[in-house]
Amino acid sequence: MTPLDGQCTPYRPSAAYDRGVTTAATAQAPAITTEDAGPEEKYESPEAGSAGQRGGVADVVRRRLLPFDARLDPYSWLATGVIVVIAGILRLVNLDKPKGLIFDEVYYPTDAWDMLHRGVEWDEKTNGPAYVVHPPLGKWMIALGEMVYGNNEMGWRISGALIGTLSVLIMVRVARRMFHSTVLGCTAGLLIALDGFHLVLSRISLLDIFLMFFVVAAFGALVMDRDSRRRRWLRAMEAGLDPSQPGKAGRPAFDWRTGVPWWRLLCAVMLGCALGVKWSAIWFVPAFALLIVVWEVGARRSAGVRRPWRDTVIDEFGWLLLAGVLMLLTYTATWAGWFATDTGYFRHWLRDTGHAEPPVWGAIRNLLHYHHEMYKFHSTLDATHQYQSWPWQWLLLGRPIAFYWSTDGTCGASSCASHILLVGTPLLWWSFIPALGALAWFGIARRDWRAGAILLSVAAGLLPWFYFAMQGRTMFAFYALPAQPFLVLAVVYVLGAIMTPAPAAAVATPGAAPPTDESSSDRRLIGAVVAGAYVLLVAVCFAYFYPIYVGQIIPYDDWSARMWLGSRWI
């Protein structure tokens, strides 16, 4: 309904950042939680929250529970396709250059090739199983490329390039669903596509791009789970459910299509795959579990459940337990090659140490022992390295990694350089810290679930490394890659807020008239210009640094001009 005439109007999903769910409005509807208030909500007067009703469901409740759903919008998919094509071209063109193994490619493509032929990693020097300290899934994914293209540069790198491109696709759709805006969704995808950090790790055969992909896929499934569970509550209420009733009478009826949280179970599978690439994915498990609980409580509050926390524990504990089991089974399945052979490292540790080795339990105990040894390695890794860095340096680009350096070749100058430097697009990365500060402010001021989800995911990707830094553990800048998509979401959130600022005067004064269409239009225009200019500057900055992302041969003076932080980048 409009705040002036008090008449109901047909509901439609609103634009990304049309806020205005005022504290006065929520006070009129005690069953609604501001946890569900978000940037997509339309301005409502205090009377609007209690008068509008359709199908037995108040409009304000419907607005809280009705998810954004425009899956078949052809224009959004066309825009998504354009962004993905840009990302793919950047990641696939001249992928086989530079020639040879660079940086840690000396490990993972070689391990992948051995796994193709032996099922496990192999040490050619000893002609025996190799002791490795990361689970096998990332190397199996590299092996898929080698299976198609062979044991060469294209075979080593094609899987990472394709996965990096797919991660851009997922982020466009996830951001669009979160912000209810194709423009903001494509902005998120474009910023990731134009980030040198993401680009370099997509074009080099390391494990971190696969880790990031599965984390992002898990988060996307989690957002879909949130929407599907809210849709279930809304449909049940439209069918006559009274959520205030105790017990089963106040819960949606179970059916296999909507009652099972399929998206949540997919999230568990994706987390199991992420763990199967690197153990550092473990920190996203409690973060995403917390999001599930908070979102389920919020859905019940929005529906009008009298005891949302208690009912959430009763209804969701079993599903969370099942998700945990599914995650562990998925992780264990990534070790299938180790289980299927007799030659894996520690495969028969019990037998080799004179102990009985039952067929199934013995293999599991051997794998547990292997994991214990892997943990000892990771917890005691303190060797110094030329390119090691600390987590407080990462967002500042304080210590990038030189993956490749050569002065061979011609460039039309007396001295040339070819360099691959793992450094994020500076303008984008130096925006992350102020964006996180602004996001925290918006999250508190507007109690927006999006802000909380983004901040928690960033924390899961970065904060644990601060603890390990205190222990003196050796670490590198590419450890930050799983947090990068969420850092971009923080920037996009703030850009959206700039494009459509909240009607502060109307929010502060109960009963005040909402902002006029003319003033809102002016603010949108100015905000859109500012946001567009920012994205354009990021693109220009990326283009300037592109030669040192892909190892182009350029004059030495041009290379030196790009070393903005001097010796820290060399």
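Just so we're clear, the structure is a prediction, and the values are computed from it rather than from any experiment. (Residues numbered from 1 in each chain as written. Predicted model: local features only at pLDDT ≥ 70, side-chain atom pairs only at ≥ 80, totals over all residues. Heavy atoms only, no water.)

1. Digging into the confidence of the model for the protein
- Looking at the protein as a whole, its pLDDT mean stands at 87, while 87% of the residues score no less than 70.
- Predicted confidence is poor over residues 504-512, with pLDDT under 50, and the contacts of this stretch with residues over four places away or in other chains come to eight contacts. (pLDDT = per-residue confidence, 0-100. Contact = heavy atoms within 4.5 Å.)

2. Re the pattern of salt bridges
- Summed over the entire model, instances satisfying the criterion amount to 23 salt bridges.
- Taking the shortest distance from any N to any O, the salt bridge between R251 and D311 comes out at 3.6 Å. Pair noted here: R251 is in the loop between helix 10 (208-238) and helix 11 (262-275) and D311 is in helix 13 (residues 308-333), with a separation of 60 residues, a long-range link. The same class applies to R251 as to D311, namely buried.
- Between K376 and E373 there is a salt bridge whose closest N-O contact spans 3.7 Å. With a gap of three residues between them, K376 and E373 both fall in helix 16 (residues 361-379), about one helical turn apart.
- According to the relative accessible area criterion, K376 is partly exposed, its value standing at 40%. (Salt bridge = Lys/Arg side-chain N within 4 Å of Asp/Glu carboxyl O. Helix = DSSP H or I, 4+ residues; strand = E, 2+ residues; numbered from the N terminus. Buried < 20%, exposed > 50% of the residue type's maximum accessible area, 1.4 Å probe, protein only.)

3. Some remarks on the sheet that holds strand 6 (residues 416-422)
- Strands sit in the order 5-6-7 across an open sheet of three strands; the sheet is antiparallel. Strand pairing shows two members of the sheet lacking a second neighbour, strand 5 (401-406) and strand 7 (553-555), which therefore form its edges. Going from strand to strand, the sheet's axes swing by 40 degrees on average, the running direction of each strand aside.
- Where strand 5 and strand 6 come together, five bridges link them in antiparallel fashion. Note that in strand 6 the partner of Y404 across the bridge is I420.
- Against the sheet, helix 9 (residues 196-203) touches strand 5 and strand 6, its axis set at about 100 degrees to strand 6. (Pairing = 2+ DSSP bridges. Axes fitted to C-alpha atoms, helices over the stretch in contact; angles between N-to-C directions.)

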